[in-house]
Each structure stands twice: as C-alpha cells, then as structure tokens.
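The primary structure of each chain is shown beneath.
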Amino acid sequence: MPQDLDPVPWGAQDRFQAHYIVKPIVQMALDELLARTNLKTSGHFATKKVASIEWVGGDLARVLNSDAELRNMILKLSYKDAHIWVEPTKNGVRIHGKWKSSYELQISKELFQVYDRIASHIKRNLGSPPV
Amino acid sequence: MHDSESDTFPVKSTREQFRELFEKIGVKAETEQIDTDEVEKGDYYSKYFSHSPAMVTNHGCLKIKDANIDVVQIIQKG
C-alpha cells in the first residue's frame, strides 16, 4: 500500500503559545476587551518590517490606539512578534502572539514590556490600579 | 539507532524552561503545580477570533511578580 504523501497531522503539534493573563477582579463585558493588531508592513521576506500598527476591536482597542509609546514599542518588535491578540475569557484577559515552535518559544525584555503595558491598560479598564 | 526520537530528553518541564527565560530578562516568576490555577479550568480562547484551535494541551502556569500580568500559561496546539 503506498504511503500517504500528505498525512493529516493529529495529536500534539510542535506549536506553542504563551498566554499572558490578567485576572479580573470585577465582572467585565467580554467584547469591550477584545483587541488585535492590524499591521502595515514594508519589504519582503527577511527584510519585512512593521511600518505602522492599528488596534482593532472593542473599547480597549481605542485606548491602545491612543498610547503612542506602546505603538513605538511594538514597531521595534519583529514582524512575527508584532501580531498581538487580546482575548477576554471567563477567568482572565489573555494577551498572546502567534503560534511558535518549541525552538522559537522565547521571551525578550522588549516583548514582555509590550505585554505588560497592554496589561496595565486592561487593569485600568477593569478599574484596578496598574503596578 | 535510526529512531526518529532524539537521544537526549529535556528533564525540565516547559514552564520550568520558561521560568529560566524570565529569570534571564529580570522578571520574577515562579512555577505552579499543573492544573491548580483558576485560569486552567475555563476556556483558553474567547472564540471571537477565527484562529482559535479546537484542541490544546495545557503545560501549566507561572505566577509573575511585580508586574501587571498575573499569570503566564503555556499552551500547545493539539
């Protein structure tokens, strides 16, 4: 019997995500805290860079768009790291990036500072003081 | 030995490896026992975005100190 040339992957794959979670203190409206980056880029392949970013989503996206310092911080990140999602779930508001292989799953100081700044906006939005 | 598996195996868990990465960048973090944090019990995705995977594996959490982020959870697809 010939081997399937395009086997369907199943089971755990070499794709990881680290979710940076802010735990809510008060009940929140989920759709207000939704946000993701919309990127405009320049260049191709290895030289592809983020030229500008815009947050799209709920009320939180408007707050993140007004933070110029955060925008500058994201522009310094790599193209892959600049894809950021903010997803509210029942037990916490999750900030995460794209799926990465086990080899790529790293955290830099710059990336952590971006996530922490987004988390500070979420805390302010939830009515608790940021650290 | 022409096995597809590597000859060496990491003895550290994924969250322990991640804690060491945090230590390198000066962020205080401590590993938690798997399946003990509240965030591990509910949904991991809001399902508002189309990329949400159907099945994931939980690799546990790290508690972050002195930051706006409370917990970091490691998730694997599938």
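Residues numbered from 1 in each chain as written. Chains lettered and ligands numbered in written order. Predicted model: local features only at pLDDT ≥ 70, side-chain atom pairs only at ≥ 80, totals over all residues.

**So, the interface of chain B and chain A**
Counting from both sides, the interface comprises 29 residues of chain B and, opposite them, 35 residues of chain A. Secondary structure elements with two or more residues in the side of chain B that touches chain A: helix 1 (14–24) and strand 3 (71–77) of chain B. No other element matches the 7 residues that strand 3 of chain B contributes to the side of chain B that touches chain A. Pairing geometry for strand 1 (residues 16–22) of chain A and strand 3 of chain B, over 6 bridges, is antiparallel. Residue pairing for strand 3 of chain B: A:Gln17 is matched across the bridge by B:Ile75. (Contact = placed C-beta atoms within 7 Å. Helix = DSSP H or I, 4+ residues; strand = E, 2+ residues; numbered from the N terminus. Pairing = 2+ DSSP bridges.)

**Quick word on the sheet that holds strand 2 (residues 35–42) of chain A**
One open sheet accounts for 8 strands, arranged 3(A)-2(A)-4(A)-5(A)-1(A)-3(B)-2(B)-1(B); its pairing is antiparallel. Edge positions in the sheet fall to strand 3 (49–57) of chain A together with strand 1 (29–31) of chain B, since each has one partner strand and no second. Adjacent strand axes in the sheet meet at a mean angle of 25 degrees when their direction is disregarded. Across 5 bridges, the pairing between strand 4 (residues 85–89) of chain A and strand 5 (residues 92–96) of chain A is antiparallel. Each residue of the ladder has a partner; that of A:Trp85, found in strand 5 of chain A, is A:His96. Docked against the sheet, helix 3 (residues 109–126) of chain A engages strand 1, strand 4 and strand 5 of chain A, running at close to 35 degrees with respect to strand 1 of chain A. Running at roughly 35 degrees to strand 2 (residues 56–64) of chain B, helix 1 of chain B makes contact with strand 1 of chain A together with strand 1, strand 2 and strand 3 of chain B of the sheet. (Axes fitted to C-alpha atoms, helices over the stretch in contact; angles between N-to-C directions.)

**Topic: helix 3 of chain A**
Residue and element names in this part refer to chain A. Over its 18 residues, helix 3 runs 25 Å from end to end, which matches the ideal 26 Å to within 8%, given 1.5 Å per residue. When we look at burial in helix 3, the residues that qualify are Leu111, Phe112, Val114, Tyr115, Ile118, Ala119, His121, Ile122 and Lys123. Looking at the buried side of helix 3, the elements it contacts are strand 1, helix 1 (59–65), helix 2 (68–75), strand 4 and strand 5. (Expected span 1.5 Å × (residues − 1). Buried ≥ 20, exposed ≤ 12 C-beta atoms within 10 Å, placed from the backbone.)

**Observations regarding unusual backbone geometry**
Residue and element names in this part refer to chain B. Its identity as a non-glycine residue notwithstanding, Asp35 has a phi of 65 degrees, on the positive side. If you trace the backbone, Asp35 turns up in the loop between strand 1 and strand 2. Its identity as a non-glycine residue notwithstanding, Lys47 has a phi of 70 degrees, on the positive side. Position of Lys47 relative to the elements: it lies in the loop between strand 1 and strand 2. Judged by C-beta crowding, with 10 C-beta atoms within 10 Å, Lys47 ranks as exposed.

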